[in-house]
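Commentary on secondary and tertiary structure
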Amino acid sequence: MLKKIKHAFPGGVHPTDGYDKALTMNLPVRVYWPETVTILSEQSFGGKCSFLVKPGDQVTEGQEIGRPEAFMAAPLHASVSGKVVDIREVQNQGRNILACIMKREGPEKEENYSYQKGLESLEKYTREELIAMIRDGGLTGMGGAGFPTHKKYETDKKISELLINAAECEPFLTCDYRLMLEQSFAVINGVRVLLKASGADKAYICMEDNKPEAAKLLQKILEEGKDQMQGEKPVEIKILPTQYPQGGERQLIQAVLNKEVPMGGLPADAGVIVSNIGTAKAAADMTFAGIPLTRRIVTVTGSVKNPGNYLVPIGTSARELLNLAGGVTVEKNRIIAGGPMTGPCVASDWNGEEELFYVTKNTSGILVLPDREYEESPCIRCAGCESVCPAGLVPYQIEFAYMNEDYDLCEELYASECIACGCCSYICPAKRELSVRTRMARDIVKQRMRERAVKKS
């Protein structure tokens, strides 16, 4: 039986009435293979890799082409079969990043595996072997900052629960929802892989109550597969109220387990690991078919002619995907990489010509919104931002301290705990850029804390 829990987390907002999800949630995923891909050496901020290939090399899909050089990096693999055309710096969201440009020559691998049609046995795999495959497959978080997955599972902390984040709480995005509908067996198999790799006592697949069809489908597989999964740790589906940011790690842990992550700590400090549902599917790909993380589903939506979800190789051009979706339908526009609450704006009044960015492992969406001009007004001290902050902060006070360069006060106000969800900016009647300034205050405070720790060591 599906269990719907009453309690959740403090704060949060309800940004839409569901029209945004309806644009794409009932459309099957389309497969698209571009002629060229541009694979960035940094798939997440600070996660740099060094390339193992050079111009002129022939590569096959899934071949390792990048070795991690930083803590935040995971191995890189060719997302297409073909030829390395160039390795050079490219502009991506305002930064120059070294990239490997490949020309696709095919043929593409046909996916027709047993784990996509039924439950697989995990008996022959040890926990250590599963973690090694997660690492070698280049798995990262696919719904947030792109943290290397294997580093979460290599923890020396005792893990009691695994939370699979299928909340997809950002407005407009439906890539995870379509994944659960179209790759349901692969998803469940991947959850089981991550559960065994975590050493946890139980896994919860957590989704909001606006995804009933996905919940029913996954629940049916779990119920009908009880005999095959006998002896394994249990997997349960948790239905959560639709409330943003339900998918934030700390909020999810609080909503499902009624636990709080210690200030400055990680979920593992509370005995929990949180992984995205897309990462679970990628774990099944690597475990049962030896397929590294080279493709993902991207939601292309908003003010475009034909919104939809597209399964594309890592390195696909965002411009190409927007043109594939029929192009933008408003002249005054903003292009968002990801969802509207946390995704950065990469272009304004885009005309369809210049390049925008390239799909990475954690690119969940490309969103086009009509551009609306507004001016900030003085803060009226309504405390609306305080009432909706899921981290329990007072954003308007942090903004005031930040703008006065009073970083000691920022630290006293716990700016380090900001999760950059955007709720404060969304609710602000004065249209203050609260989220931006609070996040910047957070980064400064964390840097100061790191510098103090270095001096003490």
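The paragraphs below set out a description of the structure included in this document. (Residues numbered from 1 in each chain as written. Predicted model: local features only at pLDDT ≥ 70, side-chain atom pairs only at ≥ 80, totals over all residues. Heavy atoms only, no water.)

**A look at the overall build of the protein**
Counting its secondary structure elements, the protein contains 14 helices and 18 strands. Relative to the globule expectation of 23 Å for 457 residues, the C-alpha radius of gyration of the protein, 22 Å, shows essentially globular dimensions. The C-alpha extent of the protein, read off along each of the three principal axes, is 60 × 50 × 50 Å. Expressed as a percentage of its 457 residues, the buried residues of the protein come to 55%. Partitioning the contacts of the protein with sequence separation of at least 6, the portion at a separation of at least 24 is 74%. In the form shown here, the protein has an accessible surface area of approximately 20,400 Å², with 49% of it arising from carbon and sulfur atoms. Side chains of the protein give 55 positive and 60 negative charges; the mean places of these two sets differ by 2 Å. (Helix = DSSP H or I, 4+ residues; strand = E, 2+ residues; numbered from the N terminus. Rg over C-alpha atoms; globule rule 2.2 N^0.38 Å. Buried < 20%, exposed > 50% of the residue type's maximum accessible area, 1.4 Å probe, protein only. Contact = heavy atoms within 4.5 Å. Areas by Shrake-Rupley, 256 points an atom, 1.4 Å probe, with all protein chains shown as cover. Lys, Arg positive; Asp, Glu negative; His and termini not counted. Charge placed at Lys NZ, Arg CZ, Asp CG, Glu CD.)

**Topic: the sheet that holds strand β15 (residues 308-313)**
Strand order in the open sheet formed by six strands is β2-β15-β14-β18-β16-β17, and the pairing between neighbours is mixed. With partners counted over all chains shown, the strands left at the sheet margins are β2 (30-31) and β17 (345-348), one partner each. Note: strand β14 (residues 295-302) against strand β18 (residues 365-370), four bridges, orientation parallel. Considered in β18, the bridge of G302 is made with V368. Across the sheet, helix α4 (residues 175-182) lies against β14 and β15, angled at about 125° from β14, the strand it touches most. (Pairing = 2+ DSSP bridges. Axes fitted to C-alpha atoms, helices over the stretch in contact; angles between N-to-C directions.)

**Considering the packing of aromatic side chains**
One pair of aromatic rings is described through two measures. These are the centre distance and the angle between the planes. One pass over the full model with this rule turns up six aromatic pairs. A centroid spacing of 5.8 Å and a plane angle of 85° characterise the contact between Y19 and F172, whose relative ring orientation is edge-to-face. With Y19 in helix α1 (residues 19-22) and F172 in the loop between β10 (161-165) and α4, this residue pair connects regions lying 153 residues apart in the sequence. Given the relative accessible area of 48%, Y19 is considered partly exposed. By relative accessible area, F172 is classed as buried at 6%. (Phe/Tyr/Trp six-rings, centres within 6.5 Å; stacked < 30°, edge-to-face > 60°.)

**A look at the packing of α4 against helix α8 (residues 277-289)**
The interhelical angle for the contact between α4 and α8, taken along N-to-C directions, is 40°, at an axis separation of 9 Å. For the element pair α4 / α8, the angle class is oblique. Between α4 and α8 lies a crossing whose hand is left-handed. Note on element contacts: α8 touches α4 through I277, G278 and K281, opposite D176, L179 and M180. For the contact of α4 with α8, the per-class residue count stands at three nonpolar, one polar and two charged. (Parallel < 35°, antiparallel > 145°, perpendicular 65-115°, else oblique. Left-handed = near helix turned anticlockwise from the far one by under 90°. Nonpolar A, V, L, I, M, F, W, Y, C, P; charged D, E, K, R; others polar.)

**Examining the pairing of strand β3 (residues 36-40)**
Burial analysis of β3 places four of its five residues in the buried class, the great majority of the element. Here β3 pairs with strand β9 (residues 95-104) via five bridges, running antiparallel. Each bridged residue has a counterpart across the sheet, and for T38 the counterpart in β9 is I101.

**Examining the state of the cysteines**
Scanning all chains against the criterion turns up zero disulfides. Of all cysteine sulfurs, the one in C418 lies closest to C410, which takes part in no disulfide; the gap is 11 Å. Between C424, a free cysteine, and C421, which holds the nearest cysteine sulfur, the sulfur-to-sulfur gap is 6.3 Å. Classification of C424 by relative accessible area gives buried; the value is 10%. (Disulfide = S-S within 2.5 Å.)

**Here's the deal with α8**
The terminal C-alpha atoms of α8, which comprises 13 residues, lie 18 Å apart, in line with the 18 Å expected from a rise of 1.5 Å per residue. Of all 13 residues making up α8, twelve are buried, and the element is well covered by its neighbours. For α8, the complete set of buried residues consists of I277, G278, T279, A280, K281, A282, A283, A284, D285, M286, T287 and F288. Of the residues one or two after α8, G290 is the one with positive phi, at around 65°. (Expected span 1.5 Å × (residues − 1).)

**Brief notes about the sheet that holds β3**
The strand order across the open sheet built from four strands is β3-β9-β8-β5, with neighbouring strands paired in antiparallel fashion. Two strands lie at the open edges of the sheet, namely β3 and β5 (58-59), each paired on one side alone.

**Considerations on the nonpolar core**
General note: in soluble globular proteins, nonpolar side chains tend to be found buried as a group. In this structure, L162, V191, L194, I205, M207, L218 and I277 are the most contacted members of the largest nonpolar core, which totals 55 residues. Secondary-structure elements contributing two or more residues to this core are α2 (127-136), β10, α4, α5 (184-198), β11 (202-208), α6 (212-224), β12 (235-240) and α8. Beyond its immediate stretch of four places on either side in the chain, L218 contacts M180, S184, V187, I188, I205, M207 and I237. Core analysis: the next-biggest nonpolar cluster, separate from the first, contains 19 residues, V298, V300, Y310 and I335 among them. (Core = buried A, V, L, I, M, F, W, Y, C linked by side-chain atoms within 4.5 Å.)

**Focus: the pattern of salt bridges**
On inspection of all chains with the given rule, the structure shows 27 salt bridges. Note that R250 is salt-bridged to E417, the shortest N-O span being 3.3 Å. With R250 in helix α7 (residues 249-257) and E417 in the loop between α12 (407-412) and α13 (423-427), this pair connects stretches of sequence that are 167 residues apart. For R250, a relative accessible area of 26% puts it in the partly exposed group. Across the pair R442 and D443 runs a salt bridge, and its minimum N-O distance is 3.1 Å. (Salt bridge = Lys/Arg side-chain N within 4 Å of Asp/Glu carboxyl O.)

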